[in-house]
Amino acid sequence: MPSSESAVRRALGTAHGAVPVPVSVFDDETPAVANLDPDLLDALRRAAADAAADGIAFRVHGGWRSPEYQEHLLHEAVVRHGSAAEAARWVATAETSAHVSGDAVDIGPPDARLWLSRNGARYGLCQIYRNEPWHYELRPEAVEGGCPPLYPDPTHDPRMRR
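Now for a description of the structure that goes with this document. No experiment lies behind these values; they were computed from the predicted model shown.

Thresholds, definitions, all that
The residue numbering used here restarts from 1 in each chain and proceeds along that chain's sequence as written. For this predicted model, a pLDDT threshold of at least 70 governs which residues receive local features, and a threshold of 80 or more governs which side-chain atom pairs are given and counted, while totals over whole chains, interfaces and linings are taken from all residues. Only hydrogens and water are set aside; all other atoms, that is, all heavy atoms of the structure, feed into the side-chain values. Working definition: a ring pair exists when centres of Phe, Tyr or Trp rings (six-membered ring for Trp) sit within 6.5 Å. Plane angles under 30 degrees give stacked, over 60 give edge-to-face, the rest tilted. Relative accessibility decides the category of a residue: with a 1.4 Å probe and only protein chains considered, values under 20% of the type maximum give buried, values over 50% give exposed, and everything between is partly exposed. Going along the chain from the N terminus, every DSSP run of H or I of four or more residues is numbered as a helix, and every run of E of two or more is numbered as a strand. By disulfide we mean two sulfur atoms from cysteines, separated by a distance within 2.5 Å. By definition, the arc is the one covered by directions from the helix axis to the C-beta atoms. Contacts between residues were defined by any pair of non-hydrogen atoms, one from each residue, lying within 4.5 Å. One requirement defines pairing of two strands: DSSP has to find at least two bridges between them. Put simply, a nonpolar core is a bunch of buried Ala, Val, Leu, Ile, Met, Phe, Trp, Tyr and Cys residues held in one set by side-chain atoms that sit within 4.5 Å of each other.

Moving on: the packing of aromatic side chains. Counting across every chain of the model gives 3 aromatic pairs. Considering the side-chain rings of W115 and Y123, the 6.0 Å spacing of their centres and the 35 degrees angle between planes classify their relative orientation as tilted. Here W115 falls in the buried class, since its relative accessible area comes to 7%. A residue is classified by how much of its surface remains accessible, and Y123, at 7% relative accessible area, is buried. Pairing Y129 with Y151 gives two aromatic rings, centres 6.3 Å apart and planes at 35 degrees, and the pair type is tilted. Taken as a pair, Y129 in the loop between β4 (125–127) and β5 (135–138) and Y151 in the segment after α7 (142–145) lie far apart in primary sequence, 22 residues in all. Residue class for Y129 comes out buried when judged on its relative accessible area of 3%. Among the aromatic residues, those joined into a cluster by ring pairs are F58, W115 and Y123.

Encoded structure:
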């Protein structure tokens, strides 16, 4: 990463939602977790407690983000992917990102994602994008009716066209 990008990441840091090292869903000190929507956080913590009984530990790789940090991630994605159109398949604008509103969480490791893909609907936790198996959002109606069909990527999500 070029030094100017490193400086921006340091300046925005954890206070803006960066998660340099994955953290527990029970971490109330890290803004990326603490600033999640309370209903999402409650569902996530209930699921994590039940997954722990199966020997699975959830780790948050991303959660709430400030608009500034989200825009920085989008800029990095444009550079990495070569165009705004391609970057939009992976990173939303600050105005449309469910991370900025605290309504999305990125979960790892792979065994936690597998557990959530099999059990998350019981808690209203749904994977939203086929190309982002780590990205989960709260869909309370999923408890009764199951998770909605996956969008291939964020460019197919009507919320991204605000």
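What follows continues from the structure just given.
Here, disulfide denotes a covalent bond that connects the sulfur atoms of two cysteines. Taken as a whole and assessed by the stated rule, the structure comprises 1 disulfide. A disulfide bridge connects C126 with C147, and the sulfur atoms are separated by 2.1 Å. Handedness here is read from the sign of the S-S torsion; for C126 and C147, about -85 degrees, the answer is left-handed. Of the two residues, C126 is situated in strand β4 and C147 in the segment after α7; the sequence distance between them amounts to 21 residues.

Taken together, the buried positions of helix α6 (residues 110–119) are occupied by A112, W115, L116 and N119. The buried residues of α6 all sit within an arc of 100 degrees when viewed along its axis, so they share a single face. Facing away from the buried side of α6, by more than 90 degrees, are the exposed residues P110 and R118. Buried residues in α6 make contact with α3 (38–53), β3 (104–108), β4 and β5.

Whether parallel or antiparallel, the strands of a sheet pair through hydrogen bonds between backbone atoms. Read from one edge of the open sheet, 5 strands run β1-β2-β3-β5-β4, paired in antiparallel fashion. Only two strands of the sheet have a single neighbouring strand rather than two, namely β1 (23–24) and β4.

With that out of the way, let us pick up the pairing of strand β2 (residues 59–62). As paired elements, β1 and β2 share 2 bridges and run antiparallel to each other. Looking across to β2, one finds that S24 is bridged to R59. Where β2 and β3 come together, 3 bridges link them in antiparallel fashion. Bridge pairing in β3 links R59 to G108.

A word on the environment of W134. Examined against the element boundaries, W134 turns out to sit in the loop between β4 and β5. The exposure class assigned to W134 is partly exposed, which follows from its relative accessible area of 30%. The sequence separation of W134 and L44 amounts to 90 residues, and the corresponding C-alpha distance is 13 Å. Aside from chain neighbours lying at most four places away, what touches W134 is W90, V105, D106, I107 and R113.

Residues L44, F58, V105, I107, W115, L116 and L125 are the most contacted members of the largest nonpolar core, which totals 24 residues. The set of elements that each furnish at least two residues to this core consists of α2 (31–34), α3, β3 and α6. If you tally residues by element for this core, the top one is α3, at 7 residues. L125 has contacts with L40, A43, L44, A47, L116, G120, Y136, E137, L138 and C147, leaving out every residue within four places of it along the chain. Formed by 8 residues, the second largest nonpolar core is a distinct cluster that contains L12, Y69, A87 and V91.

The quantities given are spatial measurements derived from coordinates; they are silent on function.
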